[in-house]
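# Topology and contacts: notes
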Amino acid sequence: MLNNMTTDTEEGEESPNNQGDGNLKESSPFINSSVSCDVEKSQQYDGKNMALFEEEMDTSPMVSSLLSSLANYSNLPTGSKEHEEAENNEEGGRPSKKPVTAPQLGTLMGVYLPCIQNIFGVILFLRMTWMVGIGGVFGSFIIVFMCCSTTMLTAISMSAIATNGVVPAGGSYYMISRSLGPEFGGAVGICFYLGTTFAGAMYILGCIEILLIYIVPQAAIFKIEGLEGLEAEAALLNNMRVYGTIVLSFMALVVFVGVKYVNKLALVFLACVILSILAVYAGVIKTAIEPPVFPVCLLGNRTLTSKGYDICAKVIEIDNETVTTKLWRSFCDSEYLNATCDDYFNNNNVTEIQGIPGVTSGILAENLFGNYLEKGMIVEKRGLASQPDLESSASGTNRFVLADISSFFTLLVGIYFPSVTGIMAGSNRSGDLRDAQKSIPIGTIAAITTTSTVYISCVVLFGACIEGVVLRDKFGEGVNGNLVIGTLAWPSPWVIVFGSFFSTCGAGLQSLTGAPRLLQAISRDGIIPFLRVFGHGKANGEPTWALLLTASICEIGIIIASLDAVAPILSMFFLMCYMFVNLACALQTLLRTPNWRPRFKFYHWALSFLGMSLCLSLMFICSWYYAIVAMGIATCIYKYIEFRGAEKEWGDGIRGISLSAARFALMRLEEGPPHTKNWRPQILVLVSTDAEQNVEQPRLISLTNQLKAGKGLTIVGTSVQGTFLDNYTEAQRADQSLRKLMEAEKVKGFPQVVVSSNLRDGTSHLIQVGGLGGLKHNTVMISWPRNWKQPEFHQQFRDFIEVVRETTVASLALLVPKNISSYPSNGERFTEGHIDVWWIVHDGGMLMLLPFLLRQHKVWRKCKMRIFTVAQMDDNSIQMKKDVITFLYHLRIDAQVEVVEMHDSDISAYTYEKTLVMEQRSQILKQMHLTKNEMEREIQSITDSSRGSIRRKKSNASRSHHSIEEGSSVAEQPEEEVQLIHSKNASTPTSPTSPTTPAGSGNTWTDYKGADKRKNLETSKDPFSMKPEWENLNQTDVRRMHTALRLNEVITKKSKEAKLVLLNMPGPPKNRMGEENYMEFLEVLTEGLNRVLLVRGGGREVITIYS
C-alpha cells in the first residue's frame, strides 16, 4: 500500500507555484519550504487519519510540521545570518567561536538610550543658546515645538510600520522600500544615507570647533589674531578644513580597523552627553540660589570682546593718578588722556553687567522676542541708552562682538532640526531586541518625549538665566572665549566643553559606522545597479568600499567647513526620509490591506498626513533651494530605478493603488505575481441563472460583500447556453440582473456574462479569461451543488468537480459555501457566536485570512474566532498549542486555540459498511439506466441488504464476489459511462474541508446518522472476523471514509453550534474516476453542520508574519 501511495505521489501533478515570488530576503517557513524526499514524506504522513490529504502533502504540509519550522525561525536582522556564516567560514572550526545567541536587548538598552544618544548632539551645545538669543524664547519655542512635533508624528507612523510584523534591521530604508516599493525605497534610502553621511561631517566640524575655539585655540594653523572680517572668517574655515580632514581620516581608520570598539564606547559617549545636560540643570538651580559672578563689558549698548580689554573701564585711579586702560588704547590713538578717540567711545560710557543674572532676575521678559542680525552687525543690549555713532568707520570693528552670519527664522529652523534627528536608532536595532514590536514604539516615543522636554526647558531656562548679549555671542568672544552654555554649567565650564567634545566625536564615529552599512544594504538589494560594487567588503562583511565612498562624501561637508551651512543640508535629507515614512503609514492605512495589522494602535492616517505635511513644509522653510535640490536627487534616483533598476516585488503599497489605475498601472502589474503581503481575495463568483436570467443564489453575493474588507477585485460571472448571435438579448438581461444584484448588495466589482454552447465550457471560459492583465481573480467562489445524488443533477455535480480541477491547475483558491441559503444577509447581525477554523493541512494561510476579513464586516464583527488543529499520536499537543499561539501572535490575529487529539483507531464496521454501500450504489447506478422511481427502489433495496449484512454474524461471500465481478466488467466500459474509484492509482484529496449536508441528500445513510447506531456498529468491529465483502473493498476508499468519519465526529462535537465552520477541502481524484465517491466523502465529512465554507488554497502563501 505504501508503494502504491509513493507511486501516486510521484505521478501526481507538480505544483505550479514552486518558483515563489523571487524574494530571497524574506524566507518563509510555510509552503514548499520543507526539503525531504518523497519516501520520507510518505512515511511521515502515512496515517489513517490523514488519508484524505496524503497526495498533496508535498505542497500542503501538516500543521505540526509547519509549526516546527516556524519554531526554528530566528529574528535576526537582514544579512546577520550571512555575516555570521562568513565569520564562521573565515575562522574555520576554532573552538573559541561563540554561537549566535538570541536577541536579548530590552526597551531601555535597545531603543531608549540609543535614541537619546543619537538625538542629543552638537547643536544643543554649540548653537542652542545662540538660537534662543537670536530668535527669542517665543520664536525658539515655536521652532522646537515644530521640529519635535514632526519627529513625534514620524515616530508614531514608524511605530505602526515597525509593529506590523517582523522588521529586520535597516531602519527607515527597509520600512519605506517594503511599504512603498523599490523606487521610493531606493530614492529615500540614498537620501537617508546622504543625511547620515553629512551628519558625520557636521559632528566632525562641531568637534573641531570645540577644539580650536574653546580648548586649544593656539593650535590653529591659520592664525586669526589681528585679522578682521572676511580674512578672519577665511582663516577659521581653513583651520576647520585642515583639522576636519585629519579627524575624518583618523575616524575612518578607526571604523575600518575596529568597529566593535566604537560600539563598546557608545555608553561612554552617552554618559558624557547625560553628564553635560545634568551639569546645565545644576547650574540653573545654582543661579536661583547664588548667581555666579560673570561680568560682561558694554560700551554704550555694544558688547566688547574680552580680548580687547583687561579692565572694564576707560580709566582707573592708581595712587591718585588717572591711568588709561587697554580699552582706552584700543579706541584712542595714544594712551594719554588728551589722545584723539573714537566718537562713539567718547559719547558713551562703559558699563559692566552680569552675564548670568540668574533665573529669578526677570531677564526672561527681555529675551522673550527675537533680535535677528545681519552679517557684521554689532551685538547690542536692548533697553540700554547709547549715543549713535553717525560716522563710524569699518575699521576697529573687531573690538565689538559681531554677527558672523545673517540670521532669520528659517535659517534657525534649518540649523536646529538636526538636533531632533536620530529617532530611527531603535528601529535600526530591531534585530537585537527581545520584543521589537513592544520596545520600538515605547522606547522611541519615550526618547522623543524626554528630549523634547529637555529642549523646551532649555529654551525657557536659557532665556530666564542668561543675558541677551551673551546668548547672541555665538563663540563666546565677550565672555573670555568660553562656551556660552558652559558658563551656565556647574561645577565648571569644562564639564560641558569636554562632555560635548567627546559626545560629538562619538556621534561622528557612529555616523561613519552606520552610513556604510546602510549603503551596503541598498547595494545588496540590487535595486540600483551602479551601486552594486559597494555591497562588497572584507571577508567578514565589513563594507570597505562603502566606507571609502562615505568618507569621500563626508569630506565634501568638511570642505564646506561651516557648521551653520552643513546643518540645513542634512536637515533636507532627514526631512525627506521622515516625510516618506509618514507617507508609507498613511498609504497603508488608507489602502487597508489585509496584511496591515500593526500592534501599535495609536496611529491614524490623518496624523501621518499631518507629519508628512510638516516635513514638506519644514524642507521649504529651512531652505527652498536645498529642498528643490534634494527632491531633484530623489526624483532622479526614482526614475533611474524605475527604468534601469532590478525588478523587485516586496509587497509595496503602490501595488494596491495600481489595482485601480489605468493602462500604465495595468502594465506594471504584468511584471510579476503580487507579493504575499499584497495578497487579498480577488474573487470570481460563479452563479447560475434561471429562465428569466435572475440569480439563483443571491446569498453568494452577500458573502462576497462580507469578504471584501480586503477591498480586492470582484467579478460576478455567469454563462448563458446557446450562441452569441441568438442569445445576445439573454446575455444583456443577465448582465443587468447581475448589476442590480451587486448594487443591492453593495458589492463593488464587475459582472461578466459568457455565452457558450454548454454551461460547462462557459464556466471554464470565465475561469480562464476573467480579469484584465494583472487585474485578475485569484479566488473562485461556487456554491455546493444541491441534491447532487438525484439523477437529474448528475451533470451539475460533474461540472462542479471540473471547476475544482480547473482551479487547482490554474493555482486559484477555491471557496465552496455549503447550504448557502442559510448564510446571513448583509442586513443581519450576529450578536455572539464563533467562527471555527479547522486547520488540518496548511495550504497557504487562507483559513487564517478569511475569518479576519469576515470579522471586519458588521455581520460577523462580534463573532469570536476559534482555531482547531489536529494532533496525531506522535505529536506533542501541548507544544503544538503553544506554537499555534506564537504563530497567531506573529500574524497579529486574535483567536482561541484548541488542539484536538486524534489517536489511531481501528477501522469500524460502520466505516466498512458505509464504503460498501457507496461502492455498490456507484456500480449499479453506472451500469443501469433507470427511471427515477426505479432508481429510488434500487437504492432502497441496496440499503436494506446492507443493513441485513450487518446483523448477520457471517457474511455471504458469493454475493460480494458477484458484486466485484460486476464492478470489474463495468470497469471495462467507456469512461463516460463508468467512473469508479477502485483503481489503486486513485489520488487522495489534499485539503479536507467541511461542507454542509443539503436537505434531502442523505437518503442512503439516513438510518446510520444516529449516535447509538454508530456506536453499536463501531463496538461490534472484530479485526479477526472480517466479512468477505469487506475484504474485497478498495482499501483506499476505506481509509478515506475512515478519515472523513473520524474528522466529522470531532468537528461535529466541537463546532456544532458555530455560526460558521471553515475547513480544508480535499482535492478531487486526478484520474477522473469515482467522482460520486469524492462527493460522498465530502458529504460525510460535513454531515450535521449548518454553515460550512470549504476552502482550497491556490498553492501560495496569502498571509505573512513580515511587515
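All of these numbers come straight from a predicted model, not from anything done at the bench.

Moving on: the sheet that holds strand 2 (residues 302-303). Ordered by their spatial adjacency, three strands build an open sheet running 2-1-5, and the pairing between neighbours is antiparallel. Taken across any chain shown, the strands that pair with only one partner, and hence form the sheet edges, are strand 2 and strand 5 (350-354). Pairing of strand 1 (residues 295-299) with strand 2, which is carried by two bridges, proceeds in the antiparallel orientation. Within strand 2, the residue paired with Leu299 across the bridge is Arg302.

Turning to helix 29 (residues 759-769), a few remarks are in order. If you check which residues of helix 29 are buried, you get Arg760, Gly762, Thr763, Ser764, Leu766 and Ile767. If you follow the buried residues of helix 29, they end up packed against strand 6 (683-686), strand 7 (714-721), strand 8 (750-756) and helix 30 (794-809). For helix 29, the side-chain oxygen to backbone nitrogen distance between the N-cap and Arg760 is 3.2 Å, and the N-cap itself is Asn758. The first or second residue beyond helix 29 is Gly771, which carries a positive phi of 90°.

Summary statistics for the protein chain give a mean pLDDT of 76 and a share of 74% for residues scoring 70 or more. Low pLDDT, under 50, characterises residues 1-37; the predicted model gives this stretch 62 contacts beyond four residues in sequence or across chains. Below a pLDDT of 50 lies the segment residues 946-1025, which in the model reaches 202 contacts outside its immediate sequence neighbourhood of four places, other chains included.

Next up on the list: the side chain of Asn1064. Along the chain, Asn1064 falls in strand 14 (residues 1060-1064). Within the local environment of Asn1064, its side chain forms a polar contact with the backbone nitrogen of Ile840, the two atoms lying 3.1 Å apart. A polar side-chain atom of Asn1064 sits 3.3 Å from the main-chain amide nitrogen of Val841.

Okay, the nonpolar core next. Of all hydrophobic cores here, the largest spans 164 residues; its most connected members are Met128, Met202, Tyr416, Tyr455 and Phe462. For this core, the element with the most residues is helix 9 (residues 182-215), which contributes 21 residues. Beyond its immediate stretch of four places on either side in the chain, Met202 contacts Val122, Ile123, Pro418, Leu563, Val566, Ala567 and Leu570.

A few words now on the state of the cysteines. Following the criterion strictly, the structure yields two disulfides and no others. Disulfide pairing places Cys297 opposite Cys312 at an S-S distance of 1.9 Å. For the disulfide bridge between Cys297 and Cys312, the dihedral angle about the S-S bond is near 85°, and by the sign convention the bridge is right-handed. With a gap of 15 residues between them, Cys297 in strand 1 and Cys312 in the loop between strand 2 and strand 3 (315-318) connect regions that are remote in the sequence. One exposure class covers both Cys297 and Cys312, and it is buried. With its sulfur 1.7 Å from that of its partner, Cys332 forms a disulfide with Cys341. Taking the sign of the S-S torsion, about 105° here, the bridge from Cys332 to Cys341 comes out right-handed. You'll find Cys332 and Cys341 in the same group, each marked buried. Of note for the protein chain: the bonded cysteines, numbered N- to C-terminal, pair according to 1-2, 3-4.

It is worth spelling out the packing of helix 7 (residues 128-162) against helix 15 (residues 409-416) at this point. Across the interface, helix 7 lies against helix 15 with an axial gap of 9 Å and an inter-helix angle of 70°. When the axis of helix 7 is compared with that of helix 15, the two are roughly perpendicular. Contacts between helix 7 and helix 15 involve Met128, Trp130, Met131, Ile134, Gly135, Gly139, Ile142, Ile143, Val144, Met146, Cys147 and Cys148 on the former and, on the latter, Phe409, Leu412, Val413, Ile415 and Tyr416. Classifying every residue of the contact of helix 7 with helix 15 by side-chain character gives 15 nonpolar, two polar and no charged.

Pairing in this open sheet of ten strands is mixed, and the strands run 8-7-6-9-10-15-14-11-12-13 from one edge to the other. The two strands at the open ends of the sheet, each matched to only one other strand, are strand 8 and strand 13 (896-901). Taking each pair of neighbouring strands and ignoring which way they run, the sheet shows an average axis angle of 20°. By the bridge criterion, seven bridges tie strand 7 to strand 8 in an arrangement that is parallel. Bridging from a neighbouring strand, Gly717 pairs with Gln752 of strand 8. Contacts between helix 28 (residues 724-744) and the sheet are confined to strand 7 and strand 8, with strand 8 contributing the most and set at about 155° to the helix. Across the face of the sheet, helix 32 (residues 877-891) comes into contact with strand 11 (834-839), strand 12 (864-871) and strand 13 while running at roughly 150° to strand 13.

What follows deals with a positive patch on the surface. A cluster of basic residues, Arg592, Lys711, Lys746, Lys748, Arg829, Lys858 and Arg861, forms a positive patch at the surface. Here Lys748 is to be found in the loop between helix 28 and strand 8. A relative accessible area of 78% places Lys748 in the exposed class.

Attention now goes to the pattern of salt bridges. Evaluation of the coordinates by the stated rule reveals 15 salt bridges. The shortest N-O distance in the salt bridge between Glu366 and Lys381 comes to 3.1 Å. Separated by 15 residues along the polypeptide, Glu366 in the loop between strand 5 and helix 15 and Lys381 in the loop between strand 5 and helix 15 bring together distant segments of the chain. Overall, the relative accessible area of 13% leaves Lys381 in the buried class. Put simply, Asp564 and Lys474 hold a salt bridge, and the shortest N to O gap is 2.6 Å. On the criterion of sequence distance, the pair formed by Asp564 in helix 22 (residues 563-591) and Lys474 in the loop between helix 18 (468-471) and helix 19 (484-488) is long-range, its members being 90 residues apart. Residue classification places Asp564 among the buried residues on the basis of a relative accessible area of 6%. Relative accessible area serves as the criterion here: at 6%, Lys474 is assigned to the buried category. Ionic contacts of the salt-bridge type, sharing partners, join the residues Arg127, Glu209, Asp404, Lys474 and Asp564 into one network.

It is worth spelling out the environment of Ile528 at this point. As for its placement among the helices and strands, Ile528 is situated in the loop between helix 20 (493-525) and helix 21 (544-560). Dropping the residues within four chain positions of it, Ile528 is found in contact with Gly186, Ile190, Ile522, Ile637, Tyr640 and Ile641.

The next point concerns unusual backbone geometry. Note: most peptide bonds trans; most residues except glycine with negative phi. The omega angle of the peptide bond from Trp490 to Pro491 is 15°, so this bond is cis rather than trans. Within the secondary structure, Pro491 is located in the loop between helix 19 and helix 20. Look at Gln693: it is not a glycine, yet its phi comes out positive at around 65°. Here Gln693 is to be found in the loop between strand 6 and helix 27 (698-706).

What counts, and where the lines are drawn
- Residues numbered from 1 in each chain as written.
- Predicted model: local features only at pLDDT ≥ 70, side-chain atom pairs only at ≥ 80, totals over all residues.
- Heavy atoms only, no water.
- Pairing = 2+ DSSP bridges.
- Helix = DSSP H or I, 4+ residues; strand = E, 2+ residues; numbered from the N terminus.
- Buried < 20%, exposed > 50% of the residue type's maximum accessible area, 1.4 Å probe, protein only.
- Contact = heavy atoms within 4.5 Å.
- Polar contact = N/O pair within 3.5 Å; in protein donor to acceptor, adjacent residues only side chain to side chain.
- pLDDT = per-residue confidence, 0-100.
- Core = buried A, V, L, I, M, F, W, Y, C linked by side-chain atoms within 4.5 Å.
- Disulfide = S-S within 2.5 Å.
- Axes fitted to C-alpha atoms, helices over the stretch in contact; angles between N-to-C directions.
- Parallel < 35°, antiparallel > 145°, perpendicular 65-115°, else oblique.
- Nonpolar A, V, L, I, M, F, W, Y, C, P; charged D, E, K, R; others polar.
- Patch = residues over 30% accessible without salt bridge, like charges linked within 9 Å, V, L, I, M, F, W, Y side chains within 5 Å.
- Areas by Shrake-Rupley, 256 points an atom, 1.4 Å probe, with all protein chains shown as cover.
- Salt bridge = Lys/Arg side-chain N within 4 Å of Asp/Glu carboxyl O.
- Lys, Arg positive; Asp, Glu negative; His and termini not counted.
- Charge placed at Lys NZ, Arg CZ, Asp CG, Glu CD.

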